[in-house]
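Tertiary structure, described
Here are the chains, one letter per residue:
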Amino acid sequence: MTDVQETLPGSTLGRRGSWSYFAGRGLEYALVLAVALTLNFALPRALPGGPMKLFGNPEALARLTAEERAQIASEYGFGQPLWQQFLDYLQGVFTLDLGTSLADGRPVTEAIATALPWTLLLVGTSIVITALLGVSLGVLGGLRRREGKGAGLLAGAIALDSIPQFWLGMLLIVFFGVKLQVLPTFGVSDAGVVTIGGVAEHLILPVVTLTVTGIGYLFMYTRSSLLAVLTSQPVEHAHARGVPRGRLVRRHVLRPALLPVHTILMLDIGFLAAGSIVVETVFAYPGLGRLTFDAIAARDYPLMQGTFLVLTVMVVLMNALADLTYPLLDPRARTGGSR
Amino acid sequence: MRRTVGALAATLAMMLTVCGSGGGTAEGGQTGGQTGGPDRADTLTIAISSDEGTLTPFTNETGYPGNNLVKLIFDPLATLQGEDVVPLLAENIETTDNQTYTIALREGVKWQDGQPFTADDVLFSVDFYRANMLGDSAIDVRPIKDVTADGNTVTMTLNGPDPEFPRRILTDMAILPDHLWKSVDDVSKAGTELAVGTGPYKLTQYNPDRGYTFEANADYAMGKPKVQTIKVVVIPEESAQFAALRTGEIDMSTRIVPPQQMEALGNQSGIGLIDGTEFASTIMLFNTERPPFDRVEVRQALAKAINVQDVVDTALLGQGVPGSAGFIHPESPVGGKVIKSAYDVDAANAELDALGAARGADGIRVLDGKPMSFELLVQSSSTDRLRSAELIREMLDAVGVAVKISSLDPDAVTAKVWPDYDVKNGRNYDMSMWGWSGPVMLSSGTIAQLLYSDPADGTLNVVGYKDDAVDATLDQLTSAPTLEERTGVASKLQDQIAEAMPWVTLYYRNGAYAFREDTYDGWTWQNFKGALNNFSFVDYNL
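Residues numbered from 1 in each chain as written. Chains lettered and ligands numbered in written order. Predicted model: local features only at pLDDT ≥ 70, side-chain atom pairs only at ≥ 80, totals over all residues. Heavy atoms only, no water.

1. Some points on the interface of chain A and chain B
Opposite the 43 residues of chain A that make contact, chain B presents 40 residues. Here chain A and chain B share an interface that buries about 3,900 Å² over both sides, 57% of which is from carbon and sulfur atoms. For the pair chain A and chain B, the number of links is 10 residue pairs in polar contact (both at pLDDT 80 or more). Elements supplying a minimum of two residues to the side of chain A that touches chain B: helix H4 (58-62), helix H5 (66-75), helix H7 (108-143), helix H9 (165-179), helix H12 (245-282) and helix H13 (288-298) of chain A. Counting residues per element, the side of chain A that touches chain B draws most heavily on H9(A), which supplies 5 residues. Looking at the side of chain A that touches chain B residue by residue, the class counts come to 25 nonpolar, 10 polar and 8 charged. (Contact = heavy atoms within 4.5 Å. Buried area = accessible area lost by both parts, 1.4 Å probe. Polar contact = N/O pair within 3.5 Å; in protein donor to acceptor, adjacent residues only side chain to side chain. Helix = DSSP H or I, 4+ residues; strand = E, 2+ residues; numbered from the N terminus. Nonpolar A, V, L, I, M, F, W, Y, C, P; charged D, E, K, R; others polar.)

Have a look at this one:
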């Protein structure tokens, strides 16, 4: 357990004092954001090709004169000097004006605002189920590690963790969609009609895919965290003092064991939005993942920057949230580790 | 002698390839209904692979299927019916010299918002396209020198005689409503409120996340829609599209059925296939500016080592036509002919020996002091091309030429072969798998752009080929005043291409599309457009 605890974000609280701690963390996050913003700007432009293909079919583009090309590039902002583009981009980020999509002329914020709720619904549902199942099974696997059930759970988790999302998604489509014909295979609702029942029905297969492929990792993390606590000195002492097993587990094992799981879960939420790109593409789910995929395929710089920004912010935000909520869960973090 | 365009086109009419493949398969070039399913439907759901924007001629994202969907909303003056140019918004199209076209417009046609269609709309459209050339369905109207109207008759005068003008421009130029488009400044931002044409279907709903809904235009003057509502949904993944077709969630997939899935899909109850000739070409480029590919003898020898029939049989499982060495599709209206590949491994070896390219210790030939070891670029997204590249590697290995296959993202290949779609930027590759879309085979002008030495004219010359004799032939081809003369020059050009071998034409893949025959079987094959074309949805009375 000590290895895990020593790296926990809240464990330095007492050394610096709360204000200096928050200022330090704030600076760290600002630095991370600055690097991420720079990468979000640089990565689209580092890709081979460019957004010119969005302005006509290749045969028509080939006929354009150098002046016409320059005019398009300048008009749509990708022909200006890089430093100018970067400044415009930064200004846009801080004024929440992320520009317009080169592909369809929509404001990037509007495209993201339309897609994000679908991703939050998908990822949110999946993370809740993944957390409940993954943590419960992880605890079970840890407590019964010497029994056949525990070993079976571990083997199952390793297997689930290694399943590619694309493969599982297609398998589910073929089995539940094509063979049994009991579940829809694409989209968020029946074409043109959005109903709660339809949305729920369309959510099942993508959520199952995300959950099944995400559960193994959480199981293994919970299990190893639990094992570390079970073999720690305080628990050994409590056991030696004759504390009943049920009470021992509830009071002395679960809480410390689940603290790092909480951190990893928060980070998972941030990363899942990006991780849903494959699932959203397989199931034609119109969320942020698919928007990102389409933006990359089209080399739509403003849309790529916008979606990358949201994904970055989600990861950083969840990281910060894990930092902030950790002291609430761990009294030692509130008191700087002194007891 | 005055000739109607219909008569001109009739001289071009060719027999369509019939590629039926057993039960449940509709045959190319014929109307649907062969498999016994209904030829009317209330609602059809069609899957496309990506969003197509607001479906104006300036905002659709792709030629196929984007332009096909735009043409449900917007009519051109004429249309292709089979191989014939047939007047559509025009009542009649006449020319005496292939330079001045007199177009009598159809009376009583209305825009989908109820306004009358007039000659002013045609004049406006030509001017508008001239000022706005960007957009996937935008038309290059620069060949039109002047356009005037007298009552309901429009006269278009070209810069020079162009017998291909009706097929190339009149059948493709979507006519825009003057009253809605005259205030448009930025075509890239044209919204669905501007997706109003005279066509058989109205766009009634568009959501970038969920797709499109079209409703039949009850006032359509040129025919009767066969389907009341067409829903178009976006499913990016190929296998997910075919899965949705199997479940009955969609009624048609706009993806070409991969060869390895033809049998499985065709044998499934309720699913039909419609297939026919596609004009898209798959070729292997030589960078003719880079040694040793700047030597025609080297290109010829390597081309002789490649068995295009084997590529079709193995990579496409026979679902394609082996490439003619002269490049132009044998059924192309430009006058394609079959020039058989000169595949002959012994001859390839002998020619390489004659060049002094002796084999080294590792079996790889050495030419001019350098091993004949080259990189072949291939688009990672194309299974067919990846397989073809593997086969080519084996074939060239057999004559002592080593090939390293680089499988890259399609944009990465384009960035090396055709940086920024501008041949003036040069090129950076040895050999590359490549393909030209079907419409390239539709006109002499476009074919000429593939080979002109001067980059200003050879805007598609991605191999950097330069040859004065070919340039002279291209001049003849693009200036010949009649179709007959152009066909004759095209024949000579194909002989020159087969001799110079700036690329190896590997194959023309067949088009095959899957649909639910139990819900709708009115699909009609149209060359250059496949099954997703207006004749699949409308009973025309042209």
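2. Regarding a positive patch on the surface
Residue and element names in this part refer to chain A. A surface patch of positive charge is lined by Arg241, Arg247, Arg250 and Arg251. Residue position: Arg251 is located in helix H12. You can call Arg251 exposed: its relative accessible area is 56%. (Patch = residues over 30% accessible without salt bridge, like charges linked within 9 Å, V, L, I, M, F, W, Y side chains within 5 Å. Areas by Shrake-Rupley, 256 points an atom, 1.4 Å probe, with all protein chains shown as cover. Salt bridge = Lys/Arg side-chain N within 4 Å of Asp/Glu carboxyl O. Lys, Arg positive; Asp, Glu negative; His and termini not counted. Charge placed at Lys NZ, Arg CZ, Asp CG, Glu CD. Buried < 20%, exposed > 50% of the residue type's maximum accessible area, 1.4 Å probe, protein only.)

3. Quick word on the sheet that holds strand E20 (residues 370-371) of chain B
As summarised here, the arrangement of the 3 strands in space is E18-E19-E20 (chain B), forming an open sheet in which the pairing is antiparallel. Two strands close off the open sheet at either side, each with one partner strand: strand E18 (358-359) and E20 of chain B. (Pairing = 2+ DSSP bridges.)

4. Concerning the nonpolar core
Residues Leu77(B), Met156(B), Met173(B), Trp181(B), Phe214(B), Trp523(B) and Phe537(B) are the most contacted members of the largest nonpolar core, which totals 78 residues. Sort the elements by how many residues they give to this core and helix H3 (residues 119-131) of chain B lands first, with 7 residues. (Core = buried A, V, L, I, M, F, W, Y, C linked by side-chain atoms within 4.5 Å.)

5. Regarding the pattern of salt bridges
Taken as a whole, this structure holds 27 salt bridges over all chains when the rule is applied. A salt bridge links Asp409(B) to Arg299(A); the shortest N-O distance between them is 2.8 Å. With Asp409(B) in the loop between strand E22 (402-408) and helix H12 (410-417) and Arg299(A) in the loop between H13 and helix H14 (301-329), this residue pair bridges two chains. The exposure class assigned to Arg299(A) is buried, which follows from its relative accessible area of 4%. Its salt-bridge partner being Asp162(B), residue Arg168(B) comes within 2.3 Å of it at the nearest N-O pair. Residue Arg168(B) is classed as partly exposed on the basis of its relative accessible area, which comes to 27%.

6. What to know about the environment of Thr482(B)
Residues and elements named next belong to chain B. For Thr482, the position within the fold is in the loop between helix H14 (468-479) and helix H15 (483-500). The spacing of Thr482 and Pro163 is 319 residues in sequence and 5.6 Å in space, taken between C-alpha atoms. Once residues within four sequence positions are removed from consideration, Thr482 is found in contact with Asn98 and Pro163.

7. A word on a nonpolar patch on the surface
All names here are of chain A. A contiguous nonpolar patch, built from Val128, Ile129, Leu132, Leu133 and Leu137 and spanning about 400 Å² of accessible area, is present on the exposed surface. Along the chain, Leu137 turns up in helix H7. Since its relative accessible area comes to 30%, Leu137 is described here as partly exposed.

8. Comments concerning the sheet that holds strand E16 (residues 281-286) of chain B
Residues and elements named next belong to chain B. Strand order in the open sheet made by the 6 strands is E17-E24-E16-E23-E21-E22, with mixed pairing throughout. Every other strand in the sheet has two partners, leaving strand E17 (320-322) and E22 as the edge strands with one partner each. Neighbour-to-neighbour, the strand axes of this sheet turn through a mean angle of 25°, independent of strand direction. The pairing of E16 with strand E23 (residues 431-436) spans 6 bridges and is antiparallel. (Axes fitted to C-alpha atoms, helices over the stretch in contact; angles between N-to-C directions.)

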